[in-house]
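These are the residues of each chain, in order.
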Amino acid sequence: MSHSHNKNEILSHELPATPLDPKIKAERDAKIQVAMMGLCGCWGCTLSFLDMDERILGLLDKVAITRSSFTDVKRIPHRCTIGFVEGGVANSENIEILEEYRENCDILISVGACAVWGGVPAMRNVVPLEECFVEAYVESPTAVPGAKKVIPFHEDLPIITTKVLPLHEVVKIDYFIPGCPPDGDAIIKVLDDFVHGRGFDLPTEMNRYD
Amino acid sequence: MSIKLTIDGKEVHARSGENIIDVASQNGVYIPSLCYVKGKPCLGTCRTCSVKVNGRVMAACTMPVADGMEIEVNDDAEIVDMRKALVELLFSEGNHNCPSCEKSGRCELQATGYEVDMMVSRFPYRFTPRVVDHASKTVFLQRDRCIFCQRCVDMVRDERTGKKIFSIKGRGTHSSIEIDAELANDMTPQQVRYASDLCPVGCIIDKTQGYDDPIGQRKFEIKSIKDRALEKEHR
Ligand code: SF4
Ligand code: SF4
Ligand code: SF4
Ligand code: FES
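Right, let's walk through the structure included here. The shown structure was predicted, so the numbers you read here are calculated from the model rather than taken from an experiment.

## A few points about the side chain of A:Arg102
Residues and elements named next belong to chain A. Summarising the element assignment, Arg102 is placed in helix α3 (residues 92–104). Classification of Arg102 by relative accessible area gives buried; the value is 17%. Within the local environment of Arg102, its side chain forms a polar contact with the backbone oxygen of Cys105, the two atoms lying 3.0 Å apart. If sequence neighbours within four positions are ignored, Arg102 has contacts with Ile107, Leu108, Val171, Lys172, Ile173 and Asp174.

Next up, the structure:
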């Protein structure tokens, strides 16, 4: 499915905009393109991406950050060298975005417990989906009294997957950074190593599952 | 009797009768282990301590050293990966959501995951539903996290009658850790703490204990499981 042609959907990088100065654009395009995408997570891992803090400045002559919490565009506008992903797969939209992202990234890295194995959202995996819906929408303790009980269903709404899936069960994932969330230190270590051609190496003392 | 053997090609001396785990750590070589408790009879349930002895895979905690043995711990890529796979298996067999676990930072499974450099499990995560057992007044069983090491089954007994308080019911995928709630209610606070500390994971939880230590100051953050295992030997 082509994402830019969904009905009523315009992606932010397709909106009318003043073209970038050709010289700046050429310089930016020559850099290593890095992106971070969020699927079914809490944005905590994306915050850890921000926790690279000023350390990212030292890399900016080599790296251009396309989609991330720094930029807030919905999809990556062009091919990426390194793609980080937070969150697992919990609905059909997550699958579409992930598949497109995989096609457009040379290296794809699962960041955080949700991406690595499902994480907090996967706590629903031990409960049948039907019961989850009933709890959330029909028997919801916080429902407005007297309100009509509906389980939302519409062609524009993503379809919820039966179970929350780790990313590597949907597409090929090259590397994993566990943690909930991992520290900014772990993310900058991995990024810095790739930028300097050293390959993936998350040392034991930086590995954590919580 | 003093004997000679090699660990990863290095010659070491040991007393016969000692097991491979202990001899290795006396010589600065850490072998991951999850069911073995030093000084207690071996359970041999987890196989995390697998090493090659004269080319054959053996559980290091159950195997006494012998003269001329050639032991491979870290020199052999296959055995290193086999231990890692065993740890990964435990993570995908249970439900291990470390961020919501009282034992996180004090958990031997988690700490061992770090030592074997596990980032993800190569096996599919199973998400088997397991029921929490709250019946006893002193502890609850968070069955999602049990690795069936049997430490509690063998080493925690009613102080009056000597009866077992914990047991494993069923076999294979139907196994489940059970507690005799009446006997458990009679456990002293010391025994409760002993049982919950003895459990290598966050399955036996002392009802009076929560997320007591702040992140960064938890047991295995202060000192890794590997350093602790080696230090015990050098003392
Ligand atoms: S791994 Fe933890 S911090 Fe990261 S998205 Fe999931 S819940 Fe949030
Ligand atoms: S028992 Fe250990 S590995 Fe399992 S969730 Fe708790 S801290 Fe994590
Ligand atoms: S409850 Fe803990 S000590 Fe007992 S068998 Fe399970 S993991 Fe081992
Ligand atoms: S430590 Fe040897 S089998 Fe568990």
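## Re the site of ligand 1
Residues and elements named next belong to chain A. Around ligand 1, the structure places Gly41, Cys42, Gly44, Cys45, Glu86, Gly112, Ala113, Cys114, Gly179, Cys180 and Pro181. Of all the secondary-structure elements, those providing two or more residues to the shell around ligand 1 are α2 (44–50) and α4 (113–117). For the shell around ligand 1, the residue count by class is six nonpolar, four polar and one charged.

## Quick word on the packing of aromatic side chains
Inspection of every chain in the model, using the stated rule, returns eight aromatic pairs over all chains. For the ring pair A:Trp117 and B:Tyr125, a centre distance of 6.2 Å and an interplane angle of 35 degrees mean the geometry is tilted. Of this pair, A:Trp117 sits in helix α4 while B:Tyr125 sits in the loop between α3 (108–115) and β6 (139–141), each in a different chain. Both residues of the pair, A:Trp117 and B:Tyr125, belong to the buried class. With a centroid separation of 4.6 Å and an interplanar angle of 55 degrees, the aromatic rings of A:Tyr209 and B:Tyr114 are classed as tilted. One end of the pair, A:Tyr209, is in the segment after α6 (184–195); the other, B:Tyr114, is in helix α3, on a second chain. Accessibility classification places A:Tyr209 together with B:Tyr114 in one group, the buried group. Here the aromatic residues A:Trp117, B:Tyr125 and B:Phe127 are joined through ring pairs into a cluster of three or more.

## A short note on the interface of chain B and chain A
Opposite the 23 residues of chain B that make contact, chain A presents 21 residues. Surface buried jointly by chain B and chain A totals about 1900 Å² across both partners, of which 64% is contributed by carbon and sulfur atoms. The three residues of chain B that bury the most area against chain A are B:Tyr114, B:Met119 and B:Phe127, which together make up 40% of that side's buried surface. Where chain B packs against chain A, one counts one salt bridge. Where chain B packs against chain A, one counts seven residue pairs in polar contact (both at pLDDT 80 or more). With four residues, α3(B) is the single largest residue contributor to the side of chain B that touches chain A. Of the residues that constitute the side of chain B that touches chain A, the class distribution is 11 nonpolar, nine polar and three charged.

## Points about the pairing of strand β4 (residues 56–59) of chain B
Residues and elements named next belong to chain B. In this sheet, β4 lies alongside strand β3 (residues 50–53) in antiparallel orientation, the contact comprising four bridges. In the sheet register, Ser50 faces β4, and the bridge partner there is Ala59. Between β3 and β4, which pair antiparallel in sequence order, lie two residues; one of them, Asn54, sits at a positive phi of approximately 45 degrees.

## Thoughts on the nonpolar core
The biggest cluster of nonpolar side chains holds 49 residues, and the ones touching the most others in it are A:Phe84, A:Ile109 and A:Leu191. Ranked by residues supplied to this core, first place goes to α6(A) with seven residues. By size, the runner-up hydrophobic cluster in this structure holds 38 residues, among which are A:Tyr209, B:Leu109, B:Ile147 and B:Leu183.

## Digging into the packing of helix α2 (residues 77–93) of chain B against α3(B)
Residues and elements named next belong to chain B. Where α2 meets α3, the axes come as close as 10 Å, and the angle between the chain directions of the two elements is 135 degrees. One finds that α2 runs oblique with respect to α3. Of the two elements, α2 crosses α3, and the hand of that crossing is left-handed. Contacts between α2 and α3 involve Val87, Leu90 and Phe91 from the former and Leu109, Gln110, Thr112 and Gly113 from the latter. Class assignment for the residues of the contact of α2 with α3 results in four nonpolar, three polar and no charged.

Rules used throughout
- Residues numbered from 1 in each chain as written.
- Chains lettered and ligands numbered in written order.
- Predicted model: local features only at pLDDT ≥ 70, side-chain atom pairs only at ≥ 80, totals over all residues.
- Heavy atoms only, no water.
- Helix = DSSP H or I, 4+ residues; strand = E, 2+ residues; numbered from the N terminus.
- Buried < 20%, exposed > 50% of the residue type's maximum accessible area, 1.4 Å probe, protein only.
- Polar contact = N/O pair within 3.5 Å; in protein donor to acceptor, adjacent residues only side chain to side chain.
- Contact = heavy atoms within 4.5 Å.
- Near = heavy atom within 4 Å.
- Nonpolar A, V, L, I, M, F, W, Y, C, P; charged D, E, K, R; others polar.
- Phe/Tyr/Trp six-rings, centres within 6.5 Å; stacked < 30°, edge-to-face > 60°.
- Buried area = accessible area lost by both parts, 1.4 Å probe.
- Salt bridge = Lys/Arg side-chain N within 4 Å of Asp/Glu carboxyl O.
- Pairing = 2+ DSSP bridges.
- Core = buried A, V, L, I, M, F, W, Y, C linked by side-chain atoms within 4.5 Å.
- Axes fitted to C-alpha atoms, helices over the stretch in contact; angles between N-to-C directions.
- Parallel < 35°, antiparallel > 145°, perpendicular 65-115°, else oblique.
- Left-handed = near helix turned anticlockwise from the far one by under 90°.

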